[in-house]
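Chain and residue survey
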Amino acid sequence: MLPSLARRPTHRFRSRSALLRAFSTAAAPQGGTLYMCGTGEYNKLGVSDTKDREVPVAVEGLEDVEIIQVSCGKYHTAALSASGDVFAWGLESSGQLGLGSARTKAPVPTKVDALSQMKVKSLSCGLYHTLALTDEGEVWSVGYGGSFFSGAGALGHGNRAQLDTPAKLSAFGDAGDAGVRAASVSAGGYHSIVQDVNGGVWSFGRGEWGRLGHSDSADLLQPQRIEECDHMGAVVSAFAADAHSACLAADGTVFTWGRNEHWQLGYEVAGLLNSGQSFDAQQEPAPVPMPAEAAKAVKLAVGEMGCVSLLEDQSIWMWGMARYFIPTRLPVGEVQIGAKIVDVQMGASHVILLTEDGSLYSFGTGAPLCLPKVERKPWQLAPVPSVYLNERRVLNVSCGAYSTALILE
């Protein structure tokens, strides 16, 4: 049954100044060398060819570039250097690399001149578009804008035009129409989610399956604040996946909405849209029911077909991937995790855990597990030996649908 959608009590929001301080005083990310593994279609691994890589390999041309953040889309990848340069590679069918033409091929990292030296602080790659967030809280988007027959894309500029060069959204930044600064960006299938420094969550793009969270399936060509999220208290993080969305509230509750054909919402959808088949959908945020014994969730990640959460007691719970109908604790088995888990990321069929000592653990199936095929045990948690990490500590990890990117010390 669907969890109760009764309006939750309104929590007291943190002041705007407090939120601004929290985002502006965050420690600068430590940079390192970029490595990738997974399936290689459309050159998304950045290694000149389209062959799969079972263990992480250095991304060509960036071996001597200090990378501080990376985002993996389904078919393309983007990375940010410590010097402020943005690089992109992979599929450029809709201009999503931002190189000025959809005909420009980028089998290896190529500098995005339009974004470099613009004080970009983070990047997010979706299916056919890319978002960039700047230090000033501005949001830039590029790629597929939609069509008359297919509906909206996820660019948020008030039209369905494709963009080959990034453009700034008028809604965000100090001079933005909405008067708010963005704090995080997340690019999904055909929609985008932006979290602002005041605690608001905004969505735009294709509304099919209710993925925008506004109680309907209408497209939005410009950002609109999700009213239901305003009743959650402070929102810690918010994400767009392929056809669903999710956010984590400060009290540890996870909310999901959108399509549910892979059980990615974590609960059964009830009502007119529920058929028990592939077109189940939830059109506004609803809480994911966790077992009574579960601790408070402190981190959330979304994948193409599911969600995964790190709890305060260091347990990992996941749902979706057409495998876990409700939140299910990740089976650790005989594996002993030797240090505190500090991050968790999710692809279409894999989960990656990062510990504070820079060790890596993988769970799921396929080449993105960072392990040779002969050593992979599908759906069993396994440590990634340091020999496959060039004997280095892992500083940061990002998962695409079928790829994993690592920043190594």
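Starting afresh in each chain, residues are numbered from 1 along the sequence in its written order. Only residues with pLDDT of at least 70 get local features here, since the model is predicted, and only at 80 or more are side-chain atom pairs given and counted; chain-wide, interface and lining totals rely on the full set of residues. Each side-chain value is worked out from all heavy atoms of the structure, with water and hydrogens disregarded.

Brief notes about the overall build of the protein
A run of H or I in DSSP becomes a helix once it reaches four residues, and a run of E becomes a strand once it reaches two; helices and strands are each numbered from the N terminus. In terms of helices and strands, the protein carries one helix and 30 strands. We take the radius of gyration over the C-alpha atoms and set the globule estimate at 2.2 Å times the residue count to the 0.38 power. Computed over C-alpha atoms, the radius of gyration of the protein comes to 20 Å, within 12% of the 22 Å expected from 2.2 N^0.38 for 409 residues, which places it in the range of a compact globule. Principal-axis analysis of the C-alpha atoms gives the protein an extent of 50 × 50 × 45 Å. Counting over 409 residues, the protein shows a buried share of 57%. The criterion used for residue contact is that any of the two residues' heavy atoms lie within 4.5 Å. For the protein, the proportion of contacts with a sequence separation of at least 24, taken over those separated by at least 6, is 53%. Carbon and sulfur atoms make up 50% of the accessible area of the protein, which totals about 16,200 Å². Only protein chains enter the accessibility calculation, which uses a 1.4 Å probe; a residue whose area is less than 20% of its type maximum is buried, one above 50% is exposed, and one in between is partly exposed. Areas reported as accessible are Shrake-Rupley estimates using a 1.4 Å probe. Residue values count occlusion only from the protein chains shown.

Re a nonpolar patch on the surface
Like-charged residues are merged into a patch within 9 Å and nonpolar side chains (Val, Leu, Ile, Met, Phe, Trp, Tyr) within 5 Å, provided each residue has over 30% relative accessible area and no salt bridge. One side-chain nitrogen of Lys or Arg within 4 Å of one carboxyl oxygen of Asp or Glu is enough to make a salt bridge. A contiguous nonpolar surface patch, about 260 Å² in accessible area, is contributed by Trp-263, Phe-325 and Ile-326. Its place among the elements puts Phe-325 in strand S24 (residues 324-329). What makes Phe-325 partly exposed here is its relative accessible area of 36%.

Details of the UniProt feature "repeat: RCC" (unreviewed entry) in the protein
On the UniProt side, "repeat: RCC" (unreviewed entry) is annotated at positions that read residues 32-83, 84-136, 137-198, 199-251 and 252-313 here. Helix makes up 0% of residues 84-136 and strand makes up 43%, while its end C-alpha atoms are separated by 14 Å. UniProt positions are given in the numbering used here, feature names are shortened, and annotations may be inferred rather than shown by experiment.

Observations concerning the sheet that holds strand S14 (residues 191-196)
Within a sheet, neighbouring strands are paired by backbone hydrogen bonds and run either parallel or antiparallel to one another. With antiparallel pairing, the four strands of this open sheet are ordered in space as S13-S14-S15-S16. Strands with a single pairing partner mark the edges of an open sheet, and in this sheet they are strand S13 (182-187) and strand S16 (220-225). Sheet twist, expressed as the mean angle between neighbouring strand axes with direction ignored, is 15°. When S13 meets S14, the two strands line up antiparallel, connected through five bridges. At least two bridges found by DSSP between two strands are what make those strands a pair. Angles here are taken between N-to-C directions and fall from 0 to 180 degrees, while the axes themselves are lines fitted to C-alpha atoms, restricted in helices to the stretch in contact.

A look at the packing of aromatic side chains
The geometry of two aromatic rings is summed up by the distance between their centres and the angle between their planes. Aromatic pairing here means that ring centres of Phe, Tyr or Trp (its six-membered ring) are within 6.5 Å. Orientation follows from the plane angle: under 30 degrees is stacked, over 60 is edge-to-face, and everything else is tilted. Tallied over the entire structure, the rule returns eight aromatic pairs. Through successive ring pairs, a cluster of aromatic residues spans Tyr-42, Tyr-75, Tyr-128, Tyr-144 and Tyr-190. Seen from the ring of Tyr-190, Arg-206 lies directly overhead, with NZ or CZ sitting 3.9 Å from the centre. For a Lys NZ or an Arg CZ to count as sitting over a ring, it must be within 6 Å of the ring centre and within 35 degrees of the ring normal. Over the aromatic face of Trp-209 sits the side chain of Arg-259, whose NZ or CZ is 4.0 Å from the ring centroid.

Examining the nonpolar core
Where a protein is soluble and globular, its nonpolar side chains tend to be buried together. By convention a nonpolar core is built from buried Ala, Val, Leu, Ile, Met, Phe, Trp, Tyr and Cys residues, the set being connected through side-chain atoms within 4.5 Å. In this structure, Leu-34 and Trp-89 are the most contacted members of the largest nonpolar core, which totals 29 residues. Those elements that provide at least two residues to this core are strand S1 (33-38), strand S3 (67-72), strand S4 (76-81), strand S5 (86-90), strand S7 (120-125) and strand S30 (403-408). Judged by nonpolar contacts, the second largest core, of 18 residues, contains Ala-301, Leu-330, Ile-341 and Val-351.

Some points on the pairing of strand S20 (residues 281-287)
Counting buried positions along S20 gives five out of seven residues, so the element sits mostly inside the fold. Of the strand pairs in this sheet, strand S19 (residues 254-259) and S20 are connected by four bridges, and their pairing is antiparallel. Bridge assignment links Thr-256 to a residue of S20, and that residue is Ala-286.

Focus on the pairing of S14
Remember that side chains alternate between the two faces of the sheet whenever the strand is regular. S14 sits mainly inside the fold: six of its six residues count as buried. Because side chains alternate across S14, one face comprises the buried residues His-191, Ile-193 and Gln-195, and the other comprises Ser-192, Val-194 and Asp-196, equally buried. What sits between the antiparallel neighbours S13 and S14 is a turn of three residues. In this antiparallel pair of consecutive strands, S14 and strand S15 (residues 201-205), the connection spans four residues, and Gly-199 shows a positive phi of 95°.

A word on the side chain of Asp-343
When you line up the elements, Asp-343 lands in strand S25 (residues 341-346). For the purpose of counting charges, residues Lys and Arg are taken to be positive, whereas Asp and Glu are taken to be negative. His and the chain ends are not included. No salt bridge is formed by the buried Asp-343; its nearest oppositely charged neighbour, Lys-299, is found at 4.3 Å. At 3.3 Å, the side chain of Asp-343 forms a polar contact with the side chain of Gln-345. Setting aside anything within four residues of it in sequence, one finds Asp-343 in contact with Lys-299, Ile-352, Leu-353, Leu-354 and Val-397. N or O atoms closer than or at 3.5 Å make up a polar contact, with two conditions inside protein: a donor-capable atom paired with an acceptor-capable one, and, for residues adjacent in sequence, both atoms drawn from side chains.

Some details on the sheet that holds strand S8 (residues 129-134)
Ordered in space as S7-S8-S9-S12, the four strands form an open sheet in which the pairing is antiparallel. On the outer flanks of this sheet lie S7 and strand S12 (163-168), each paired with one strand and no other. Neighbouring strand axes in the sheet, compared pairwise and without regard to direction, differ in orientation by 15° on average. As paired elements, S7 and S8 share five bridges and run antiparallel to each other. From the neighbouring strand, Val-120 faces S8, where its bridge partner is Thr-134.

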